[in-house]
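Here is what each chain is made of, one letter per residue.
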Amino acid sequence: MRVAFVQMYCDFGQVERNVLHALELLQSKDADLYVLPELFNTGYLFKDRDESASFAEPIPDGPTCKALTNFAKQKQCYISAGLPELSGENVYNSSFLSGPDGFISVYRKIHLFNKEKICFDQGDIPFSVQDIGEIKVGMMICFDWIFPESMRSLALQGADLICHSANLVMPYCQNAMVTRCLENSVYAVTANRIGSDVRGELSVDFTGTSQITGPRGEILVRSSDSREDVQVVEIDPEKARNKQLNPLNNLFTDRHPDMYTL
């Protein structure tokens, strides 16, 4: 299976332009599954909840989700991408998964970073795994990486690959994904942004260096910190399903939850 990250620049507030640009990037490389950044259609640096709500769309019936779902149908591929979601009166930092047969699922970010707590509601959907035939896929968003429970929850549910849409600003995540993948024996596609959001006196810089990480902690491909990029890697899901480290140690059966104080 060929999986890809789309590392792109997002022009804050220019939803139609960002979506069209993302579609251009998707068309530049052939893959079976693509992962786009967090909030790829809007940009990241909202001033307050009212502003994030003004850009939020329903999933799957909003224009952004529809556009990418139509692309997935036409190209017979899968896409995971992040955007602000409007659900009733709630606003979530969400990602969705669509495929050849249409919309599949949505994930709402559970671990909100910094001022995201002002602009979004905490996700109310537990981590879950979707079986898309050749592979089982889970989703998480950006800051979820720092909590080991995020990927562990998905791995214990049988995920072979984690779609990790991100707007990373701290310099730690890309290296930490090596450990996250190793401790769970899963693949991860971290799709990050480049550039900056500048909103008056407020600004934030994004770290780029999107990467695809293998189940033994190997960095299969990593991008630069400053250019747009689409990278494709062919993966073997069976390698993620092998939790055996040696003849006597298994990552999952060697766990002792009865001895862990939580």
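The preceding data block contains the structure.
Residues numbered from 1 in each chain as written. Predicted model: local features only at pLDDT ≥ 70, side-chain atom pairs only at ≥ 80, totals over all residues. Heavy atoms only, no water.

S.K.: Teacher, can you tell me more about the sheet that holds strand β14 (residues 219-222) here?
M.R.: Hydrogen bonds between backbone groups are what pair the strands of a sheet, and the pairing can be parallel or antiparallel. Taking strand neighbours across the sheet as the criterion, the six strands line up as β6-β7-β8-β9-β13-β14 in an open arrangement whose pairing is mixed. Either end of the sheet is taken by a strand with one partner, and the two such strands are β6 (129-131) and β14. Between one strand axis and the next, the sheet turns through 15° on average, direction left out of account. By the bridge criterion, three bridges tie β6 to strand β7 (residues 136-141) in an arrangement that is antiparallel. Counterpart to V129 in the pairing with β7 is G138. Sitting on the sheet, helix α5 (residues 148-156) is in contact with β6, β7, β8 (161-165) and β9 (187-191), with an inclination near 165° to β7. Packing of helix α6 (residues 173-184) onto the sheet brings it into contact with β7, β8, β9, β13 (211-213) and β14, and relative to β13 it is tilted by some 20°. (Pairing = 2+ DSSP bridges. Helix = DSSP H or I, 4+ residues; strand = E, 2+ residues; numbered from the N terminus. Axes fitted to C-alpha atoms, helices over the stretch in contact; angles between N-to-C directions. Contact = heavy atoms within 4.5 Å.)

S.K.: Teacher, can you tell me more about the pattern of salt bridges here?
M.R.: Any two side chains of opposite charge can pair, on the condition that their charged atoms come close. Tallied over the entire structure, the rule returns 14 salt bridges. R199 is paired through a salt bridge with E51; the nearest N and O atoms lie 2.8 Å apart. Pair noted here: R199 is in strand β11 (residues 196-199) and E51 is in helix α2 (residues 49-55), with a separation of 148 residues, a long-range link. In this pair, the class of R199 matches that of E51, namely buried. The salt bridge involving K109 is made with E116; its shortest N-O contact spans 2.8 Å. You can call E116 buried: its relative accessible area is 3%. When salt bridges with common partners are traced through the structure, they connect E38, K109 and E116 into a single cluster. (Salt bridge = Lys/Arg side-chain N within 4 Å of Asp/Glu carboxyl O. Buried < 20%, exposed > 50% of the residue type's maximum accessible area, 1.4 Å probe, protein only.)

S.K.: Can you walk me through α5 in this structure?
M.R.: Among all positions of α5, only S150, M151, L154 and A155 are buried. Buried residues of α5, seen end-on, are gathered within an arc of 120° and therefore sit on one face of the element. One or two steps after α5, the chain reaches G158, where phi turns positive at roughly 100°. (Arc of directions from axis to C-beta.)

S.K.: Just to check I follow, could you spell out the state of the cysteines for this structure?
M.R.: Here, the word disulfide means a covalent bond between the sulfur atoms of two cysteines. Under the definition given, this model contains zero disulfides. The thiol of C65 is not disulfide-bonded; the next cysteine sulfur, from C77, is found 13 Å away. Note on C65: relative accessible area 0%, which makes it buried. A disulfide-free cysteine, C173 has its sulfur positioned 6.9 Å from the sulfur of C142, the nearest such atom. Residue classification places C173 among the buried residues on the basis of a relative accessible area of 0%. (Disulfide = S-S within 2.5 Å.)

S.K.: Just to check I follow, could you spell out helix α3 (residues 63-75) for this structure?
M.R.: Residues separated by three or four positions in an α-helix point in the same direction, a consequence of the helix having 3.6 residues per turn. Helix length check: α3, at 13 residues, gives a terminal C-alpha distance of 18 Å against a target of 18 Å (1.5 Å per residue), a fit within 8%. Within the sequence span of α3, burial applies to T64, C65, L68, T69, F71 and A72. The buried side chains of α3 occupy one side of the element, clustering within an arc of 155° when seen end-on. The exposed residues of α3 that point more than 90 degrees off its buried face are P63 and Q74. Tucked inside the fold, the buried residues of α3 contact α1 (15-27), β3 (78-87), β4 (90-99) and β5 (102-108). In the stretch just after α3, Q76 is the one whose phi turns positive, near 55°. (Expected span 1.5 Å × (residues − 1).)

S.K.: Would you take a moment to explain the packing of aromatic side chains for this structure?
M.R.: For any pair of aromatic rings, the description rests on two quantities: the centre-to-centre distance and the angle between the ring planes. Throughout the structure, instances matching the rule amount to eight aromatic pairs. Seen in terms of ring centroids, F46 and F55 are 6.0 Å apart; in terms of plane orientation they differ by 45°. Their pairing is tilted. When its relative accessible area of 5% is taken as the criterion, F46 is described as buried. Overall, F55 belongs to the partly exposed group, its relative accessible area being 22%. Consider the rings of F143 and F147, whose centres lie 5.5 Å apart with planes at 85°: the pair is edge-to-face. According to the relative accessible area criterion, F143 is buried, its value standing at 15%. Through a chain of ring-to-ring contacts, three or more aromatic side chains come together here, namely F12, F46, F55 and F120. (Phe/Tyr/Trp six-rings, centres within 6.5 Å; stacked < 30°, edge-to-face > 60°.)

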